[in-house]
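Chains, contacts and geometry: an overview
Residue strings, one per chain:
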Amino acid sequence: MSTAAKERIRERLDIVEVIGELVALKPAGRGQLKGLCPFHGEKTPSFHVHQDRGFFYCFGCQAKGDIFDFVMRSQGVDFGEALQILGQRAGVEVKPLTPQDRKRRDLYDVNGVALEYFKRQLANHELALDYLRGRQLSQKSIEDFELGYAPEGWDGLLKYALSKGISDTDLLAAGLLAEADSGRRYDRFRNRLIFPIKDYMGRVVGFSGRVLDNSLPKYMNTPETDIFKKAELLYGLDRAKASIRASGECIAVEGYMDVIALHQTGFENSVAVLGASLSTEQAGLLSRLDVQKLYLAFDADEAGQRAILSGLEQSVGRQFLVRAVQVPYGKDPADAVLGGHIDEFRDALTKGMSEVEFRFTNVLAKHDKTSLEGKKAILQELLSVLKPRDVFDPVATEMRRLVIDHLKIDGGRLDEWVNSKRRRRLDDTQVKGMQLSKNSPSQVALIELEVIALLLLEPTQLRKRLLRVQVALPPAVDDSVLREFQAICDSCDYDDRQILHKYRERDEGRIVFERLFSQSDEEDRKIDVEGHIQKSLSRLRELYLDGEKETQRARLLERMQEVSRYLTDPNLPAQQLQHYYAELKEINAMLAARDAERRMRVPMSFSRKKR
């Protein structure tokens, strides 16, 4: 292998860009970035990249090396193959591998030739094209996802591959041929629509074939090969990874057609699992892309939602803020978005059943939250989830909110216990100390006080950020702590020392000081203040909305009682009677809709439907 070629590749390629395709990297000091190691499971980043030196090192598993070492380890190839891969990317000609360098044709190349064949067949097969058009897929989607067709016959692909210099042994190794007991080898995929399955780099690692009629099996996949491992792949990830990394959100579905339909209609952060549920390995892929929210759009009904969350591995649920989505207007996402219900699907994402809330209600159902013993048991059982894994952990934050709200305990005291290095089991005295007094601030006020602490972390940005916060706040609330904070800032001319002096005299000052100093410890000095503020504002808007819903429900119940009293009047005119009956029917319908939402939060047992 040419040393000169290796050096030219090293000069042209940025190690951060190459590693960044697999690992979400964040600044970690001068010339350094860090992220979750792709070579071992971890919850906090220990994988560091030195951009200027062109090296990486993991403090967890001690993996280390340069850009070539990373490709060799992450893709399971030898140095020669890594040189070929990076040379092609850098535009540097590398001497091709000789036949002696490997015993059989590279499986990626074999699959690439098969894809050429399948695509050519689709272009000449009107029945398959009509099926795709009938499913409302655009020509662009068909081309972007490189769909193909495997015609009838036993050796169409075999003959084509042989003409390209690929042996039947290579095709068999790639899972493209099957072998009968007699020893005869024949095409595995026949009379099926073909979906090429790619890894995160966009290399074809396998295929899935779908029948165009009702025959079985409906789908047939490439068997497990050296490069095709179902549990380690997500269909569409090569096209979705940029959108996923940019948004921090991912939509996971069951079907290949669902992914294509969602991308076609603007949901470009969508992928499909290659199995009945999300595997730990697949979750690892998303975690390295820094996914915060994961939407599981697997089934159209409430029973399916609960089954999804019930069967979700705890380790997966701990990595993301997971929501199970009830797909509107159709049995799957493709039906919904291609049927003209894009806005309804987008709305369903925001209303999905929270995995955190699902887990919380299951724990809550086992213990009496009104007793000290019950609160102790609940807190002890949820401790592992309440402990943040990183500076901002959306799962821990959401669980903390639910615990504070339902158990009526002080957030600061809860944090002290959760973050204590001495994890003693709770006793009655500790639980009593956590309980809120009658004068304790509400959950809304607690979040607003956290925002105040965040604003005070960087005093030079205080005036500008507070202005944006006030604009972003929900409609005016009488007892808004943040609006009162603005008045204090104005009176102190935004001098942080004077502001803190004011809060020394106030009841809520303890909370501000606790939050302020807890945020200033160790590496938290570098936290994303702006991002934390936006997340807190989002939680505030959600709480205000929940409060408005409960207020509306109370008003509806009050009006229902009033109308019911009118209906008992024997002298009520027939026209007025009819009017009140109509109003009562409407009220009942609205209450039923709201109660349906409330029932979604109650744990129930359902069996998982088969795909």
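Residues numbered from 1 in each chain as written. Predicted model: local features only at pLDDT ≥ 70, side-chain atom pairs only at ≥ 80, totals over all residues. Heavy atoms only, no water.

Strand order in the open sheet formed by five strands is β1-β2-β3-β4-β5, and the pairing between neighbours is antiparallel. For this open sheet the edge positions go to β1 (26-27) and β5 (64-65), each flanked by a neighbour on one side alone. Bridge analysis of β1 against strand β2 (residues 32-35) gives two bridges, and the strand direction is antiparallel. Bridging from a neighbouring strand, Lys26 pairs with Lys34 of β2. (Pairing = 2+ DSSP bridges. Helix = DSSP H or I, 4+ residues; strand = E, 2+ residues; numbered from the N terminus.)

This brings us to the packing of helix α3 (residues 67-75) against helix α4 (residues 79-90). Remark: α3 packs on α4, axes separated minimally by 9 Å, with the N-to-C direction vectors making an angle of 110 degrees. Classified by the angle their axes make, α3 and α4 are roughly perpendicular. When α3 is examined against α4, the residues Ile67, Phe68, Val71, Met72 and Gln75 are found in contact with a partner set consisting of Phe79, Ala82, Leu83, Ile85 and Leu86. For the contact of α3 with α4, the residue count by class is nine nonpolar, one polar and no charged. (Axes fitted to C-alpha atoms, helices over the stretch in contact; angles between N-to-C directions. Parallel < 35°, antiparallel > 145°, perpendicular 65-115°, else oblique. Contact = heavy atoms within 4.5 Å. Nonpolar A, V, L, I, M, F, W, Y, C, P; charged D, E, K, R; others polar.)

Centre distance and the angle of the planes are the two values used to describe a pair of aromatic rings. Inspection of every chain in the model, using the stated rule, returns 21 aromatic pairs. Ring geometry for Phe195 against Tyr219: centres 6.4 Å apart, planes inclined by 45 degrees, an arrangement best described as tilted. Here the residue Phe195 occupies a position in strand β9 (residues 192-198), and Tyr219 occupies one in strand β11 (residues 219-221), the gap between them amounting to 24 residues. Judged by its relative accessible area of 24%, Tyr219 is partly exposed. A connected cluster of aromatic rings, assembled from ring pairs, spans Tyr117, Phe118, Tyr160, Phe189 and Phe207. Sitting over the face of the ring of Phe68, Lys6 holds its NZ or CZ atom 5.6 Å from the ring centroid. (Phe/Tyr/Trp six-rings, centres within 6.5 Å; stacked < 30°, edge-to-face > 60°. Buried < 20%, exposed > 50% of the residue type's maximum accessible area, 1.4 Å probe, protein only. Lys NZ or Arg CZ within 6 Å of the ring centre and 35° of its normal.)

Read from one edge of the open sheet, four strands run β6-β9-β10-β11, paired in antiparallel fashion. Only two strands of the sheet have a single neighbouring strand rather than two, namely β6 (148-150) and β11. Averaged over all pairs of adjacent strands, the angle between strand axes in this sheet comes to 35 degrees, irrespective of strand direction. Judged from the three bridges that link them, β6 and β9 form a sheet pairing that is antiparallel. Across the sheet, residue Tyr149 finds its bridge partner in β9, namely Leu193. Running over the sheet, helix α5 (residues 107-123) touches β6, β9 and β10 (204-210) and is turned about 35 degrees from β10.

A grouping of Glu224, Glu232, Glu281 and Glu313 is seen on the molecular surface, where their side chains present a negatively charged patch. Mapping Glu224 onto the fold places it in the loop between β11 and β12 (234-235). (Patch = residues over 30% accessible without salt bridge, like charges linked within 9 Å, V, L, I, M, F, W, Y side chains within 5 Å. Areas by Shrake-Rupley, 256 points an atom, 1.4 Å probe, with all protein chains shown as cover. Salt bridge = Lys/Arg side-chain N within 4 Å of Asp/Glu carboxyl O. Lys, Arg positive; Asp, Glu negative; His and termini not counted. Charge placed at Lys NZ, Arg CZ, Asp CG, Glu CD.)

A few words on the environment of Gly153. Among the secondary structure elements, Gly153 is positioned in the loop between β6 and α8 (156-163). Residues Gly153 and Tyr186 lie 33 residues apart in sequence; the distance between their C-alpha atoms is 9.0 Å.

Another aspect to go through is helix α20 (residues 411-419). Here α20 has its buried residues at Gly411, Gly412, Leu414, Trp417 and Val418. The opening residue of α20, the one whose side-chain oxygen lies 2.8 Å from the backbone nitrogen of Arg413, is Asp410. (Polar contact = N/O pair within 3.5 Å; in protein donor to acceptor, adjacent residues only side chain to side chain.)

In this section: the nonpolar core. Membership of the largest hydrophobic core comes to 62 residues, with the highest contact counts inside it found for Phe118, Leu122, Leu132, Leu147, Leu176, Phe207 and Tyr235. In this structure Tyr235 touches Phe145, Leu147, Phe195, Pro196, Ile197, Tyr256, Val259, Ile260, Val271, Ala272 and Leu274, once residues within four positions along its chain are discounted. In this structure, Trp417, Ala445, Leu454 and Leu455 belong to the second largest nonpolar core, which totals 56 residues. (Core = buried A, V, L, I, M, F, W, Y, C linked by side-chain atoms within 4.5 Å.)

Quick look at unusual backbone geometry now. In this chain, Leu216 is followed by Pro217 through a cis amide linkage whose omega measures -5 degrees. At Asn191, a position not held by glycine, the phi torsion is positive, near 50 degrees. For Asn191, the location among the structural elements is in the loop between β8 (185-187) and β9. Its relative accessible area of 30% is what places Asn191 among the partly exposed residues. Phi angles above zero are rare outside glycine, and Asp493 is one such case at about 55 degrees. Within the secondary structure layout, Asp493 lies in the loop between α24 (481-491) and α25 (496-504).

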